[in-house]
Amino acid sequence: MRKSAVDVRTLLAAAADSMWATFKASAASTRPDHKGGPREQQVRQFLKERLPPKWGVTRGHVFFAGDATSQEFDVIVYDALNCPSWTLDGSDDPRRLVPLEAVIGVIEVKSTLDDRTLRAAIDKIFEFDSIVENEDLDSSYRPFRYLFAYRLDRDADFDGWGGPNRMLTRYAGARAQPDGMFMLDSEFSVLTARHDIARSFALHRGETVDEVLAKSWDVQNEEIRRDIELDPSYCHDYFTTRANDGLLLLSFLTFVLESASSYRVPEIDYADIFCRWGGPMLGGLLHFHEPSDLDLLSVPIRE
């Protein structure tokens, strides 16, 4: 068998090494923003370099209902091909204002996932969910919401539930549930759905989803197990599997790609969306009226 010209698994490992290098270098700073900023930027860069250019990757705020804005999200994936966005600074990695209609998904990034940082991320996701639910979007697409962390705090008890995948179940009273949680050093969890469980098996076996479903009954058996254990205290809202570094990044990219692929460009007029920023506060025309001196402004009409 001919040897491959590029070792793709080495590429995955190198990407993980680059992230860990940024994680360690930023740890030298004492200010929280000097630590967190480079780590968040590294996640954005990872996606920017690998997602199709039609999908933009930025940090910033979602605007809706005319001129209302959300808190800042660490990562916003949006329709860069069709949607204008408003840049908020002149840096190489600027913050932007992105209209809700163009948002494909949001991602919150944490250095270490523990009780406190998980609650902070869920508060952001809950706010985003509230915006989506309250706005009358002309689309059936629901933006994805993911959480990415560099490491999982193994000493955290997550309010007594023992792990983020249990703490965020309906049985535990979670106010919001991210579609997936990806921890670079250890594992990922996705909300249970037939296709997502199959995708998890596929990533571990290096196969497609269709191959996994055709070759074994593992996915079906997992579904049966969850159906039999009907008591919600089993906390089966998430399917969790171990993965780290290169495989974790591949899993993260794969789920983002799959979620974003469901996005369809809505039939909207972006000029109308930005037009709502205007109004009397900008000092424009308040109302129409007759000119004060009709003789000066009259136009002679040839008989």
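We now turn to the structure provided with this report. Keep in mind the model is a prediction, meaning the values are calculated, not measured.

How each quantity is defined
- One numbering rule holds for all chains: residues counted from 1, following each sequence as written.
- The predicted origin of the model limits local features to residues at a pLDDT of at least 70 and limits the giving and counting of side-chain atom pairs to 80 or more, whereas totals for whole chains, interfaces and linings rest on all residues.
- Side-chain numbers come from the whole structure's heavy atoms, not from hydrogens or water.
- By the criteria applied, helices consist of DSSP H or I runs no shorter than four residues and strands consist of E runs no shorter than two, each listed in order from the N terminus.
- In a helix, the anticipated span is given by 1.5 Å times the number of residues less one.
- Residue burial is assigned from relative accessible area. The probe radius is 1.4 Å, only protein chains are included, and a residue is buried under 20% of its type maximum, exposed over 50%, and partly exposed in between.
- The axes used here are C-alpha line fits, helices contributing only the stretch in contact, and every angle between their N-to-C directions lies in the interval 0 to 180 degrees.
- Note on angle classes: values under 35 degrees are labelled roughly parallel, values over 145 roughly antiparallel, values of 65 to 115 roughly perpendicular, and the remainder oblique.
- In this description, contact between two residues means that some pair of their heavy atoms is separated by no more than 4.5 Å.
- Residue polarity follows a fixed list, in which Ala, Val, Leu, Ile, Met, Phe, Trp, Tyr, Cys and Pro are nonpolar, Asp, Glu, Lys and Arg are charged, and the others, Gly among them, are polar.
- A pair of strands is labelled paired if DSSP reports no fewer than 2 bridges between them.
- Note on ring pairs: Phe, Tyr and Trp rings are taken, using the six-membered ring of Trp, and paired if centres are within 6.5 Å. Classes follow the plane angle, with under 30 degrees stacked, over 60 edge-to-face and the rest tilted.

**Let's talk about helix α8 (residues 245-260)**
Step number 1: For α8, spanning 16 residues, the distance from its first C-alpha to its last is 22 Å, which sits close to the expected 22 Å at 1.5 Å a residue.
Step number 2: Within the span of α8, buried status applies to Gly246, Leu248, Leu249, Ser251, Phe252, Leu253, Thr254, Phe255, Val256, Ser259 and Ala260.

**A word on the packing of helix α1 (residues 8-26) against α8**
Step number 1: Axis separation between α1 and α8 bottoms out at 7 Å; the angle between their running directions is 95 degrees. By the angle between their directions, the pair α1 and α8 is classed as roughly perpendicular. Residues Leu12, Ala13, Ala15, Ala16, Met19 and Trp20 of α1 lie in contact with α8, whose contacting residues are Asp245, Gly246, Leu249 and Leu250.
Step number 2: In terms of residue class, the contact of α1 with α8 is built from eight nonpolar, one polar and one charged.

**Quick notes on the pairing of strand β1 (residues 55-64)**
Step number 1: Among the 10 residues of β1, nine are classified as buried, and the element is accordingly described as predominantly covered.
Step number 2: Pairing geometry for β1 and strand β3 (residues 73-79), over five bridges, is antiparallel. By the bridge assignment, Val57 is partnered in β3 with Val77.
Step number 3: Both β1 and strand β5 (residues 95-99) contribute to a ladder of five bridges, which runs parallel. Paired with Gly60 across the two strands is Arg96, which belongs to β5.
Step number 4: The pairing of β1 with strand β2 (residues 68-69) spans two bridges and is antiparallel. Note on β2: the bridge partner recorded for Phe63 is Thr69.
Step number 5: Count of turn residues in the β1/β2 antiparallel hairpin: three residues, of which Ala65 carries a positive phi of about 50 degrees.

**What to know about the packing of aromatic side chains**
Step number 1: The tally for this structure, following the rule as stated, stands at 20 aromatic pairs.
Step number 2: Residues Tyr146 and Phe182 carry aromatic rings whose centres are separated by 5.5 Å and whose planes lie at 85 degrees to one another, so their mutual orientation is edge-to-face. In this pair, Tyr146 is assigned in strand β7 (residues 144-152) and Phe182 in strand β8 (residues 180-183), connecting sequence segments 36 residues apart. The two residues Tyr146 and Phe182 agree in class, both being buried.

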